[in-house]
Structure formats: C-alpha cells, structure tokens
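What follows is each chain in one-letter form.
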Amino acid sequence: MTTDTDMGIASTGGKQTIDETILGVTSIFTKHGEHPVLDRAADTDEEVLLALGYKQEFKRDLTWLESFSVSFSVLGLLPSIASTLGYNLGYSGQAGSIWGWLVAGILLQSVVFGMAELCSSMPTAGGLYYASAVLAPEGWGPFASWCVGWSNFLGFTTGPCSVNYALAAMILAAAEISNPGYSPQTWHLYLTFLLLLVIQGFLAMRSTKFLGYVNIIGTIANMLVLVIFIIWLPVGSINKPKFNNNKTVWTDIQNGTEWPTGWAFIMGFLSVIWTISGYDTPFHLSEECSNANIAGPRAIVLTGQLGLYLGFAIMLVIAYTVQDVTDVVAGAYSQPMASLCVQVLGKKSGLAMFALNIVAQFFVGHGCTVASSRVVFAYSRDGAIPGSRWWSQVNSKTRTPVNSVWFVLTLGALLGLLMFASPVAIGAVFSIGAIAQNIAFVSPLALKLFFAGEKFRPGKPDAHMGFHWKLKANIESRAMEPWSMVETFGYSCRGLVASHYSRALFLPYLWRNLDARKWFKGPRVNVEHYIYGVPGETPGDNMDKVTKES
C-alpha cells in the first residue's frame, strides 16, 4: 500500500485539506471549488478516495494481480464463448465467427482503454455512474448518473442469474450425456440453480483477502481449461478429416438467419460483446485494492487484451474443428459446447472436456457475484436503490458488503423463476444484462469525449503506462464513434432485446420522474469538506445541496 502521506495535502485551520488536482483526480468537488479535509494522517489510497467524496470503509487487501483475477474470472473466456456459440456460429458460420471476433474485439478495445483511463482518475466502486455525474454537462449530472447507474445495476444484478442458470444447464447436460436415459426437468434445473447461488453467496460474503485467493485459483483454473481446450480439440478430434479447409474457415460466411448476410455478420458480434465483458470489475473493486489508480487500470487493460487474443485462439480452434454447425447450435443437449465437444472428441472425451468447462464456469459465477455486490453497495451508498440503508452496510467482521451479496443473489433466485415460463423468458435475462452493461460502458466515455473538455484529469497511469495510454487515445478517438454505431446497429437487429431493456428500466425512470428527481443529485459526499475555505455540510449530503448553500 502506498504511504506518501504528504501528497496532495495542505494545512487549513488546524486540519489537512486534500487537493484533488495534485492527486490527479477528477472529482465532484472540483467544479464547486471544494476540498475534503482530514484531521489525521492517511495514505495516498485513502486520500484519493476522500478526494472523490467517500470515506474508506473496505480493507485494501487486493493487489493488482488479485483485482485482475476477479475480472478475468468474470471474463471466463471459454465458458462465456460456450454460452454464446449459437450467436456467432449460428448466425454467420465459421468464417463469420472468425472475422466477427476480430472486428468487434478490436473495436471493443476502445472501450477497454477508455474505461482504464476513467479508473485512473476516479477509482471508486461507483465507477461508471460516478464518472457520468462528473463528466456530464452542467445540470445533467444527476440524470446521467441515474441512467448509467441503473443500467450498470441492471447489467450486474442479472449477471449471477445468467451465469448460474447457464452453469446449472451445463451440469444437467453433462448428466444427460453420461446417462442417456435421464431427461432433465425444469424443476431439476431450478433446484440446481438455487444450490449454486447459495454456494456462491457463502463464498462471496467472506473477507476481501479470501476473495482474492479464491479468484487467483479461479484464474488458474480458467487458464488451464482454456489451454487444454486449445490443444485437446485439434489433437483429439475423431473426425476425418480432422480440420475444415481454409476456405470454410476464412471466406465462406454462412448466413443462418433470414437477414441479409451483412446483417447476419454484424449480429454475430453479440457473442463477442457478451464474452469480452467483466473488464470493468477492477473499477468496482478499486476501494479494496492497494494503489488503485494504477492497479485498477492495469487490470482492466490486461483483461480486455487477453480477452481479445485468447478468445481469438479459442474461435480458431472451434472454426477448424466443428463439422456440423447445425448439430452444435441446435443439438440434443441444449448446450452448444456440449454438442461441440461430443461431436469432435467423442462421447467420453467430450464429456471430460465439457466437465472442465463446468469447473471454469463456476468461478465465472463467483466473480460476477462479487462484482455485482460492489455495484449494489456503491449505488446504495448514494441512496439510489430502495432499501439502500441495508444494502450499503459493511459487515464489521469481514469488512465487505454482505447484505449486498445476498440481495443480488435473492434477485437472481427470483429472476430464475422465469425458466418456468419459457426459455425465451429466461433468455431475456441474458439479453437485458448485455445491453445494459454496454450502455453503461459507453455512456461515460461519450460524455468524456464530447462534453467534459478540461474537466477530466487523467490519473497516475498516464505516466506509468505511457504506451498503453497513447495507444488507447488513438484507438478511442478513431473507433469510439463507429463502435457506438456498430453496437447500436447490432442490437437494433434484435428489437426484442431493446424492448426487454426498455421495459426493465421503465420503473426506475418512472420513479425518477415522479419522485427521485427531487432528491437524487448524484454521488453523495460522506466526508467533511470545505467550500471556498468555509466548512461545508455534514457527511452524507448531496453535492447539489452543497452548491445551493454555497
């Protein structure tokens, strides 16, 4: 943990004033000429958080490697690709999958690098919604933070449900492969799903240090399974010939939709969008990470880059080894990856490979639960969720938001009941989460690019990772606008997805218009601060109220 306690501090009336401009922080204090104050010594990590308006409540027990491990676990490349094979292979075949991954994956890096830069300047658990409040045009901060916050909340709270539902389906598919006489029932699926949620909860409610260790194990497991898959599928293939020809893999785009081929190709981007996610997790863990404004961005960049390169390696293996795309996408096991493994490796070896994928998927669920609870905590700390005073509590023993963990999992259990309605109904949970997350990712970057101007102040990593930030700036400026259009266009091809998203956010927007707009003013300061050298309000007041008094 950093210890240079004199950095960014000046003495004011017997108390120490923190200057966010020296710390390289873009804060809600800045535009009102305010500064937080301290009556004791603090390390640089705490100073940075205080400069953002929040007191330190968690223990900073995560290193950059452990922060990366959580985000890489959420990324869960092989399990995530396994869950979305129906989109890339089904929509545009092997060639569409390969080129779709490259095009969409490279464009996604603009968001990755942009988010890393935001994290360097605003390392707080609120992350994206805090940035939206600060970077929005004057008067629009509360509205921007409300929209992005609820979108991020919706994306993360559907995550544990989506991932553990997929994991439960994988477990039952493995049972079906090993015992052909077994016929999975919906209630079997739901009970397995509930058991997984309970296990995830008991793990995620533990201390930050424990979570770091678990996710390092999860990262190692995910990497091992990924390497085994990349080697085993081509080497152990039982098909003759073992590989598809280059024309099929690189040039023969097979349109599996009723749309024109170009649209089918873009629709295949959905798999990439769903898979290369989770890289924002270090942002939400920044209040538990040492040296957060450097460690967080590094973990974000590393997650996004590995997602691009290793994911492409997986897609190459799949494209060269899959023989019957239709059988994989609409196979007997209702799990494309299960059908792929059995088709390429045979029943016994395919089941073994699929079982390893199940292990990797478990750690994806755990990472999602941890990240989701931090988003709920951050938004509750600012009073934006019903029951905020319970969800914003930090357990005195573990120093983690235990109530938020169980709140997220309870929501997941309730959403899981949709499986009794229809596969389309539970599938909507996946769709809502994906579009909600990407809107939350892109919105603060758009605000920074088009409205923030000189309000945004890049943090420390501008000096420590010069090459990455220069590359980021180039990619972001050139690809941000076309990526936004591609993303919007891709989702517009699935009007049902946008419809689900709109309906899910109807109540939060209605609540804001009827009531919340009167009191929700964005991030809520909970530290002592000075306004133009005069003591400000007591902790817990909104910045908009402070502005009126000043």
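**Some points on the overall build of the protein**
- Helix and strand counts for the protein stand at 26 helices and 5 strands.
- Here the protein, with 550 residues, has 60% of them falling under the buried criterion.
- Sequence separation of 24 or more characterises 81% of the internal contacts of the protein that already satisfy a separation of 6 or more.
- Element-wise, carbon and sulfur atoms account for 64% of the exposed surface of the protein, whose accessible area totals about 20500 Å².

**Focus on helix 3 (residues 64-75)**
- With 12 residues, helix 3 extends 16 Å between its outermost C-alpha atoms, agreeing within 8% with the 16 Å of an ideal straight helix rising 1.5 Å per residue.
- The element helix 3 is extensively covered by neighbouring structure, given that 10 of its 12 residues are classed as buried.
- Where the residues of helix 3 are buried, they touch helix 4 (77-83), helix 10 (208-236), helix 13 (269-275), helix 14 (281-284), helix 15 (292-321) and helix 18 (347-381).
- With its phi angle positive at about 40°, Gly76 sits one or two positions after the end of helix 3.

**Structural notes on the confidence of the model for the protein**
- Taken residue by residue, the protein gives an average pLDDT of 83. The fraction at 70 or more is 85%.
- Confidence drops under a pLDDT of 50 for residues 531-540, and excluding neighbours within four residues, the segment shows 24 contacts in the predicted structure.
- This model gives residues 543-550 a pLDDT under 50, and the stretch forms 16 contacts once residues within four places in sequence are excluded.

**So, unusual backbone geometry**
- Residue Pro241 follows Lys240 across a cis peptide bond; omega there is -5°.
- Take Pro241: it is sitting in the loop between helix 10 and helix 11 (246-250).
- Its identity is not glycine, yet Asn291 carries a phi of approximately 55°, on the positive side.
- With respect to the helices and strands, Asn291 occurs in the loop between helix 14 and helix 15.
- On the basis of relative accessible area, Asn291 is assigned to the partly exposed category, the value being 24%.

**Regarding the packing of aromatic side chains**
- Under the criterion given, the structure shown has 25 aromatic pairs.
- Grouped by ring-pair contacts, the aromatic residues Tyr129, Trp146, Trp150, Phe153, Tyr379, Trp511, Trp519 and Phe520 constitute a single cluster.
- Between Arg206 and the ring centre of Phe210, over which it is positioned, the NZ or CZ distance is 4.2 Å.
- It is Lys448 that lies over the ring of Phe456; its NZ or CZ is 5.3 Å from the centre.

**Some thoughts on the side chain of Ser373**
- You can see Ser373 is positioned in helix 18.
- Residue Ser373 is classed as buried on the basis of its relative accessible area, which comes to 0%.
- A distance of 2.8 Å separates a polar atom in the side chain of Ser373 from a polar atom in the side chain of Arg374.

**Details of the pattern of salt bridges**
- In this structure the tally under the stated criterion is 3 salt bridges.
- The shortest N-O distance in the salt bridge between Glu117 and Lys448 comes to 3.2 Å. Of this pair, Glu117 sits in helix 5 (residues 85-121) while Lys448 sits in helix 21 (residues 423-452); the two residues are 331 residues apart in sequence, bridging distant segments of the chain. Judged on exposure class, the residue Glu117 and its partner Lys448 are both buried.

**What to know about a nonpolar patch on the surface**
- Judged by side-chain polarity, Trp187, Leu191, Leu414, Leu417 and Phe420 come together as a nonpolar surface patch covering roughly 540 Å² of accessible area.
- Inspection of the secondary structure assignment puts Trp187 in helix 9 (residues 186-204).

**With respect to the nonpolar core**
- Counting residues in hydrophobic clusters, the biggest one holds 136 residues, and the most contacted among them are Phe229 and Leu340.
- Once you skip the residues sitting within four places of it in the chain, Phe229 turns out to touch Leu78, Pro234, Ile314, Val317, Ile318, Met337, Leu340 and Met353.
- The next biggest cluster of nonpolar side chains, apart from the first, holds 6 residues, and it includes Tyr87, Tyr91, Met267 and Ala434.

**Let's talk about the side chain of Thr275**
- Here Thr275 shows up in helix 13.
- The residues touching Thr275, leaving out its near neighbours within four places in the chain, are Leu75, Leu77, Ser80, Ile81, Thr84 and Trp101.

**A word on the environment of Phe58**
- Secondary-structure assignment places Phe58 in the loop between helix 2 (44-51) and helix 3.
- A relative accessible area of 2% means that Phe58 is categorised as buried.
- Distance from Phe58 to Arg399, taken between C-alpha atoms, is 5.4 Å for residues 341 residues apart in sequence.
- If we skip the residues at most four places from it in the chain, Phe58 touches Glu287, Glu288, Phe377, Val394, Arg399, Thr400 and Pro401.

**Comments concerning helix 2**
- The buried count for helix 2 comes to 8 of 8 residues, which makes it a mostly enclosed element.
- Restricting attention to buried positions, one finds in helix 2 the residues Thr44, Asp45, Glu46, Glu47, Val48, Leu49, Leu50 and Ala51.
- The backbone nitrogen of Asp45 lies 3.2 Å from a side-chain oxygen of the residue at the head of helix 2, namely Asp43.
- Just downstream of helix 2, Gly53 is the residue with a positive phi angle, here 105°.

**Describing the packing of helix 6 (residues 128-135) against helix 21**
- Across the interface, helix 6 lies against helix 21 with an axial gap of 9 Å and an inter-helix angle of 25°. With respect to helix 21, the axis of helix 6 lies roughly parallel. Our pair here, helix 6 against helix 21, has a crossing hand that is left-handed. Together, Leu128, Ala131, Ser132 and Leu135 of helix 6 and Ala440, Phe441, Pro444, Leu447, Lys448, Phe451 and Ala452 of helix 21 make up the contact between the two elements.

**Here's the deal with the environment of Ile276**
- Mapped onto the secondary structure, Ile276 falls in the loop between helix 13 and helix 14.
- Here Ile276 falls in the buried class, since its relative accessible area comes to 1%.
- Sequence separation between Ile276 and Val74 is 202 residues; the distance between their C-alpha atoms is 9.5 Å.
- Setting aside residues no more than four positions away along its own chain, Ile276 makes contact with Leu75, Trp101, Gly105, Leu108, Gly304, Gly307 and Leu308.

Calculation rules
Residues numbered from 1 in each chain as written. Predicted model: local features only at pLDDT ≥ 70, side-chain atom pairs only at ≥ 80, totals over all residues. Heavy atoms only, no water. Helix = DSSP H or I, 4+ residues; strand = E, 2+ residues; numbered from the N terminus. Buried < 20%, exposed > 50% of the residue type's maximum accessible area, 1.4 Å probe, protein only. Contact = heavy atoms within 4.5 Å. Areas by Shrake-Rupley, 256 points an atom, 1.4 Å probe, with all protein chains shown as cover. Expected span 1.5 Å × (residues − 1). pLDDT = per-residue confidence, 0-100. Phe/Tyr/Trp six-rings, centres within 6.5 Å; stacked < 30°, edge-to-face > 60°. Lys NZ or Arg CZ within 6 Å of the ring centre and 35° of its normal. Polar contact = N/O pair within 3.5 Å; in protein donor to acceptor, adjacent residues only side chain to side chain. Salt bridge = Lys/Arg side-chain N within 4 Å of Asp/Glu carboxyl O. Patch = residues over 30% accessible without salt bridge, like charges linked within 9 Å, V, L, I, M, F, W, Y side chains within 5 Å. Core = buried A, V, L, I, M, F, W, Y, C linked by side-chain atoms within 4.5 Å. Axes fitted to C-alpha atoms, helices over the stretch in contact; angles between N-to-C directions. Parallel < 35°, antiparallel > 145°, perpendicular 65-115°, else oblique. Left-handed = near helix turned anticlockwise from the far one by under 90°.

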